[in-house]
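What follows is each chain in one-letter form.
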Amino acid sequence: MNNEQEERYQKALQLMTDEKWLEASSLLEDLINEQPSDDVTKALVLALYRAKQYARAFVYFAEQAEVFTGDKGHARLAVHLLLHNQSYIAARLFITDLPLDWQDEFETLIAEAEQTAEEKFQTTIQTALRSFYHLGDCPLNEQQERLGAARQLPLKEYLTGAQFLLRDPYAHQLIKAALVDTLRQLGVDQQMALRWLDAREYTINPAKLSAIEELPVVQELHRELADRLANHNPSEYQLAGQELQMQLMLLYPLIEEKVTDPAGWVDCLIGRIRGAASEAQPAILAVQRQLGRVIDDLGEKP
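Keep in mind it's a predicted model, so treat the numbers as computed, not measured. (Residues numbered from 1 in each chain as written. Predicted model: local features only at pLDDT ≥ 70, side-chain atom pairs only at ≥ 80, totals over all residues. Heavy atoms only, no water.)

Trainee: Describe the packing of helix H9 (residues 140-149) against helix H11 (residues 173-186), and please don't skip the residues or the numbers.
Mentor: Viewed as axis vectors pointing N to C, H9 and H11 meet at an angle of 20°, and their least axial separation amounts to 10 Å. Considering their axes alone, H9 and H11 lie roughly parallel with respect to each other. Crossing angle aside, the handedness with which H9 passes H11 is right-handed. Residues Leu 140, Gln 143, Gln 144 and Leu 147 of H9 lie in contact with H11, whose contacting residues are Leu 174, Ile 175, Ala 178 and Leu 179. Its residues assigned to classes, the contact of H9 with H11 shows six nonpolar, two polar and no charged. (Axes fitted to C-alpha atoms, helices over the stretch in contact; angles between N-to-C directions. Helix = DSSP H or I, 4+ residues; strand = E, 2+ residues; numbered from the N terminus. Parallel < 35°, antiparallel > 145°, perpendicular 65-115°, else oblique. Left-handed = near helix turned anticlockwise from the far one by under 90°. Contact = heavy atoms within 4.5 Å. Nonpolar A, V, L, I, M, F, W, Y, C, P; charged D, E, K, R; others polar.)

Trainee: Any details on the side chain of Arg 92? Residues and values, ideally.
Mentor: Mapped onto the secondary structure, Arg 92 falls in helix H6 (residues 88-94). A polar atom in the side chain of Arg 92 sits 2.8 Å from the side chain of Glu 114. Discounting chain neighbours no more than four positions away, the residues touching Arg 92 are Glu 107, Ile 110, Ala 111, Glu 114, Leu 155 and Leu 186. (Polar contact = N/O pair within 3.5 Å; in protein donor to acceptor, adjacent residues only side chain to side chain.)

Trainee: Explain the pattern of salt bridges to me, and be specific about the residues and the numbers.
Mentor: Taken as a whole, this structure holds 16 salt bridges when the rule is applied. The closest approach of N and O atoms between Glu 29 and Arg 56, which form a salt bridge, is 2.5 Å. Of this pair, Glu 29 sits in helix H2 (residues 21-34) while Arg 56 sits in helix H4 (residues 54-63), and the two are 27 residues apart along the sequence. For Arg 56, a relative accessible area of 34% puts it in the partly exposed group. Note that Arg 228 and Glu 224 form a salt bridge whose closest N and O atoms lie 3.0 Å from each other. Of this pair, Arg 228 and Glu 224 both sit in helix H12 (residues 216-230), separated by four residues, roughly a single helical turn. (Salt bridge = Lys/Arg side-chain N within 4 Å of Asp/Glu carboxyl O. Buried < 20%, exposed > 50% of the residue type's maximum accessible area, 1.4 Å probe, protein only.)

Any functional reading would require information beyond the geometric quantities listed.
In structure tokens form, the structure reads like this:
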């Protein structure tokens, strides 16, 4: 910040000391648009929170949520803000990377807020849960919107809806994969049934899963693809990389089960990109054709 901006920042801090929260937030909003910084973000979110401007505070918090993880006071502010915005799942996700002793304290806050919500807003929660349940009735873009809205459900209701949707043949596989990854991050340690694209049901435990990029088979696929194309055909490498990433998203959390031969998988993938026949194993061809139909369909959506 230049001298003039620093003066306005100090004035805003004084206004906060005097509990003139809205005046302070007005100065800080101007500053953050001119000269974004972690300190200004934290001060602005606090000022808006104290002014009970929870929705506005959430917008600025969401842009730089990571800056609120450095100390317990700001982490607590973030949790309270998320709870005031009824963002219970987001609050639980926010605390997953915090120190364990902080997590214990904040998880208690979240659970108490969820219980209060279930008592005071039962009708609203049940309406939101029904919308979540019937997500599969909608086109993909609306499914994604409903999935995001469901993060305002308490954990118990979120799990109820998630377990139903993982078996719903009409919920898109990308939605199911995103749901599973959220449950993984939340550390949900229980057996669940997942209906995949092949109409079979698989048993998964989200807490036992790894993130996509942490899986050794995924790292091997990326290495194999890079060895084949990165230095020889960069444009084809980029296309194949995009296709592979979409395949992995559709396969999750069954990547290790479906991709048992990374070299053969990449052979088939390159053949698909080139529109050429592949000598890959029939099982690989069958799965990739299935994935290809879904990916092609996504490309045709407006």
